[in-house]
Amino acid sequence: PGMADKVSQRIDLLRTELRLKPWVEFKFNKLTKIQRVAFLKAIFPYSFFYYGICIDKAKLTGEGFRVKESFYKYACQLAFLNAKPHLDQATVFIDGSGEKTFRRELQQYLKSRINQQDHTHLRDIKTVDSSKNNLIQMVDMIAGAINRSLGTKSDAIIYRKIINAREIYVQMWPKGIKKPKP
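Keep in mind the model is a prediction, meaning the values are calculated, not measured.

The next subject is unusual backbone geometry. Of note, the bond from Trp-173 into Pro-174 is cis; its omega dihedral lies within 30 degrees of zero at -5°. Within the element layout of this structure, Pro-174 appears in the segment after β4 (167–173). Positive phi, normally seen in glycine, also occurs at Arg-19, with a value near 60°. Looking at the element boundaries, Arg-19 is found in the loop between α1 (3–17) and α2 (33–43). Residues other than glycine seldom take positive phi values, yet Gln-89 does so here, at roughly 55°. Structurally, Gln-89 can be placed in the loop between α3 (68–83) and β2 (90–95).

A word on the packing of α2 against helix α5 (residues 134–149). Interhelical geometry of α2 versus α5 gives an angle of 115° and a closest axis separation of 11 Å. The handedness of the crossing between α2 and α5 is left-handed. Where α2 abuts α5, its residues Arg-36, Phe-39, Leu-40 and Ile-43 lie against Gln-137, Met-138, Met-141, Ile-142, Ala-145 and Arg-148. Residues of the contact of α2 with α5, tallied by class, amount to seven nonpolar, one polar and two charged.

Bringing the layout of surface pockets into the picture now. Roughly 2,400 Å³ of internal volume is contained in the largest pocket. For the largest pocket, the lining is made up of 50 residues, of which Tyr-51, Ala-79, Val-139, Asp-140 and Ala-143 are closest to its centre. The biggest single contributor to the lining of the largest pocket is α5, with 12 residues. Partitioning the lining of the largest pocket into residue classes produces 33 nonpolar, 11 polar and six charged. Within this model, the second largest pocket holds a volume of roughly 220 Å³. Lining the second largest pocket are Lys-57, Lys-68, Glu-69, Phe-71, Tyr-72, Ser-97, Gly-98, Glu-99 and Phe-102. Broken down by element, the lining of the second largest pocket gets its largest block of residues, four residues, from α3. Residues belonging to the lining of the second largest pocket are distributed by class as follows: three nonpolar, two polar and four charged.

Criteria and cut-off values
Residues numbered from 1 in each chain as written. Predicted model: local features only at pLDDT ≥ 70, side-chain atom pairs only at ≥ 80, totals over all residues. Heavy atoms only, no water. Helix = DSSP H or I, 4+ residues; strand = E, 2+ residues; numbered from the N terminus. Axes fitted to C-alpha atoms, helices over the stretch in contact; angles between N-to-C directions. Left-handed = near helix turned anticlockwise from the far one by under 90°. Contact = heavy atoms within 4.5 Å. Nonpolar A, V, L, I, M, F, W, Y, C, P; charged D, E, K, R; others polar. 1 Å grid on protein atoms, 1.4 Å probe; cavity = no way out; pocket = protein on both sides within 12 Å on 5 of 7 lines; lining within 4 Å. Points joined across faces, edges and corners; volume = space filled by probe spheres on them.

In structure tokens form, the structure reads like this:
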């Protein structure tokens, strides 16, 4: 099996180790500190890297940012632009939320913004149910760790420190957001 399959199998095994039911979804905001740490330590040995983007919604102006769907499309575009040099004929999986029409529009929007005439960075964009996909849950856990690191809670930096060596780049947008040092 490939790396993605191995990580998914490891996440399944972690449920057993933590005495969780097989259908329990790993969502950062619904877990305890012990479960978060265990999850991030369990995935760390695998060969993955991540990009992130932190957006301060309060600093955004313009009508487009008030429309949830437009904001989501734009945020996805920013994330994919950062990862673009590493995407070659990629099939990307996104948490399947929203209407079918919106998901189709999102796929078209991202392909038109990321692909170039002479190079296809994004071949396919699929939506999946996060409750049934361990890798989408992994993304939620990484995003949760990044988000928590920007706050003031007592555990703010612990989680991101665990996976820091896997971080390629986390963009702060708009400019002026202070990035903590994990």
